[in-house]
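Descriptive analysis of the structure
Residue-level listing of the chains:
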Amino acid sequence: TSTGSLKNDIGFSNNNQGIWSFDGVDDHIEFAQTSGQYTQDPCSFEFWVKLDNVSSTYPIVIDFVDGDGIQIYAAGVTPKWYMRGQGAAGAHGSTATISFNTWYHIIITFVGTSLKFYIDGQLDSTATWSAGVITSAKTMYLGVYRDGSSYEWEGNIANMKIYHKELSAAEVLQNYNTTKERFI
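A short tour of the structure in this document, coming up. Predicted model, so just to flag it, every value in this text is computed and none were measured.

Regarding the overall build of the chain
A tally of regular secondary structure across the chain gives one helix and 14 strands. Per-residue burial for the chain yields a buried fraction of 47% across its 184 residues. Partitioning the intrachain contacts of the chain with sequence separation of at least 6 by distance along the chain shows that 63% fall at a separation of at least 24. Accessible area of the chain: about 8,100 Å², with a carbon and sulfur share of 45%.

Here it is in structure tokens:
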């Protein structure tokens, strides 16, 4: 586990065993890390997320700093989920589109060059992941771009977890089924 620094007036509710609320203006959370603490190969990101509005061009759920980070964000006129690695390389989008004010369970796994995107317990898409994974010390940002003031998230993030393994399809479905009654 790691303790983050809450920036500005980020909201927190004990509902659903803890939800962070982001206003799309200046709220975010910063987690400092030591080398390889958050990202390793293999790795899986898991979280519940709800987008209320697109108040910035690419609202960020997760970002790691220094230009070679991993970003998980929403984008597009009809928003979809995206993951991008090291610089602009390796951007991959989900096939599913996002509805506002709806909770989604997202798990993204990668091992070697294989990326899998799961939404609500089901495999959404796969890709060859050429962007690599960060193993050096980086700060992880939730709800904002790495500069701490751009691409703000307007909505909620909950139940954020990072695993140092590739979750199997059965584990993804189990995690979704275990927590879905809290969100849908």
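This is not the end of the story, as more comes after the structure.
Some words on the pattern of salt bridges
A side chain with one charge may pair with a side chain of the opposite charge, provided their charged atoms come close. Across all of its chains, the model carries three salt bridges by this definition. Of the charged contacts, one joins lysine 50 and aspartate 52 as a salt bridge, the two residues approaching to 3.5 Å between their closest N and O atoms. Judged by its relative accessible area of 27%, aspartate 52 falls in the partly exposed class. Glutamate 166 is the partner of lysine 116 in a salt bridge, and the nearest nitrogen-oxygen pair spans 3.5 Å. Of the two residues, lysine 116 sits in strand E11 (residues 114-119) while glutamate 166 sits in the loop between strand E14 (154-163) and helix H1 (169-179), which places them 50 residues apart along the sequence. A residue is classified by how much of its surface remains accessible, and glutamate 166, at 27% relative accessible area, is partly exposed.

Comments concerning the nonpolar core
In this structure, Trp81 and Leu142 are the most contacted members of the largest nonpolar core, which totals 30 residues. Of all hydrophobic cores here, the second largest spans six residues; its members include Trp48, Ala158, Tyr176 and Phe183.

Rules and cut-offs
- Residues numbered from 1 in each chain as written.
- Predicted model: local features only at pLDDT ≥ 70, side-chain atom pairs only at ≥ 80, totals over all residues.
- Heavy atoms only, no water.
- Helix = DSSP H or I, 4+ residues; strand = E, 2+ residues; numbered from the N terminus.
- Buried < 20%, exposed > 50% of the residue type's maximum accessible area, 1.4 Å probe, protein only.
- Contact = heavy atoms within 4.5 Å.
- Areas by Shrake-Rupley, 256 points an atom, 1.4 Å probe, with all protein chains shown as cover.
- Salt bridge = Lys/Arg side-chain N within 4 Å of Asp/Glu carboxyl O.
- Core = buried A, V, L, I, M, F, W, Y, C linked by side-chain atoms within 4.5 Å.

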